[in-house]
Amino acid sequence: QVQLVESGGGSVQAGASLRLSCAASGRTFSRNTMGWFRQAPGKDREFVAYINWNGDITYYEDSVKGRFTISRTIGENTVYLQMDSLKPEDTAVYYCASTLYGGSPQKSYEYQYWGQGTQVTVSS
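Remember, predicted model here, so these are calculated numbers, not experimental data.

Q: Explain the overall build of the protein here, please?
A: Tallying secondary structure elements over the protein gives zero helices and 11 strands in all. In the protein, the order of α-helices and β-strands from amino to carboxyl end is β-β-β-β-β-β-β-β-β-β-β. Each of the three principal axes of the protein carries a C-alpha extent, and together these read 40 × 25 × 25 Å. In the protein, buried positions account for 42% of the 124 residues. Counting only carbon and sulfur atoms, one obtains 45% of the accessible surface of the protein, whose full area is about 6,400 Å².

Q: Would you mind going over the pattern of salt bridges with me for this structure?
A: As a working rule, side chains carrying opposite charge can pair if their charged atoms are close by. Per the counting criterion, the structure on display carries four salt bridges. Here Glu46 makes a salt bridge to Arg38, at a shortest N to O gap of 3.0 Å. The class of Glu46 is partly exposed, set by a relative accessible area of 30%. Arg38 gets classed as buried once you look at its relative accessible area, which sits at 6%. Taking the shortest distance from any N to any O, the salt bridge between Arg67 and Asp90 comes out at 2.8 Å. With Arg67 in the loop between strand S6 (58-60) and strand S7 (68-73) and Asp90 in the loop between strand S8 (78-83) and strand S9 (92-99), this pair connects stretches of sequence that are 23 residues apart. Classification of Arg67 by relative accessible area gives buried; the value is 10%. The exposure class assigned to Asp90 is buried, which follows from its relative accessible area of 1%. Each of Arg38, Glu46, Arg67 and Asp90 takes part in a single network of salt bridges with overlapping partners.

Q: When you look at the packing of aromatic side chains in this model, what are you seeing that I'm missing?
A: Aromatic ring pairs are described here by two measures, namely the spacing of the ring centres and the angle between the planes. Applying the stated rule across the entire model yields seven aromatic pairs. Residues Phe37 and Phe47 carry aromatic rings whose centres are separated by 5.7 Å and whose planes lie at 75° to one another, so their mutual orientation is edge-to-face. A residue pair is termed long-range when its members are at least 10 positions apart, and Phe37 in strand S4 (residues 33-39) and Phe47 in strand S5 (residues 46-51) qualify at 10 residues. Residue Phe47 is classed as buried on the basis of its relative accessible area of 9%. Ring geometry for Phe37 and Trp114: centres 5.1 Å apart, planes at 55°, overall tilted. Of this pair, Phe37 sits in strand S4 while Trp114 sits in strand S10 (residues 113-114), placing them 77 residues apart in sequence. Taking relative accessible area as the criterion, Phe37 reaches 1% and is therefore assigned buried. Linked through ring pairs, Phe37, Phe47, Tyr50, Tyr59, Tyr111 and Trp114 together constitute an aromatic cluster.

Q: Would you mind showing me how to read the state of the cysteines here?
A: Here, disulfide denotes a covalent bond that connects the sulfur atoms of two cysteines. Tallying each qualifying case throughout the model produces one disulfide. Sulfur-sulfur distance for the disulfide between Cys22 and Cys96 comes to 2.0 Å. Between Cys22 and Cys96 the sulfur-sulfur dihedral comes to about 55°; the bridge is accordingly right-handed. Taken together, the residues span a long stretch of sequence, with Cys22 in strand S3 (residues 18-25) and Cys96 in strand S9 at a distance of 74 residues. Note on Cys22: relative accessible area 1%, which makes it buried. By relative accessible area, which is 0% here, Cys96 ends up buried.

Definitions and limits used
- Residues numbered from 1 in each chain as written.
- Predicted model: local features only at pLDDT ≥ 70, side-chain atom pairs only at ≥ 80, totals over all residues.
- Heavy atoms only, no water.
- Helix = DSSP H or I, 4+ residues; strand = E, 2+ residues; numbered from the N terminus.
- Buried < 20%, exposed > 50% of the residue type's maximum accessible area, 1.4 Å probe, protein only.
- Areas by Shrake-Rupley, 256 points an atom, 1.4 Å probe, with all protein chains shown as cover.
- Salt bridge = Lys/Arg side-chain N within 4 Å of Asp/Glu carboxyl O.
- Phe/Tyr/Trp six-rings, centres within 6.5 Å; stacked < 30°, edge-to-face > 60°.
- Disulfide = S-S within 2.5 Å.

Purely spatial values, then, with no claim about function.
Set out below in structure tokens:
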């Protein structure tokens, strides 16, 4: 019913930038929290960032603080992840997710809807 579609991934050199987008459809998003997660080969899915319903609260994993910025456009139901100063360790499939309520929005189990993922590869 709710669909999330990521785009914007690619293959870049270390130090480059990418902007990921996540477009939501199938319902009107009111006070949902949106999160970004990533999964590298052989590793568990890892929290990256979240943003609350009106964009006044954001939170980041320590490893991306100062380099990544999460934002959203309420009217278009679109969430972005601006990634600057990319490092090889950022290489992963990146997923966006949505939850109407989450007491711990850095935890993947709080999210009901997930996108299909977009690949980000960073070479040294």
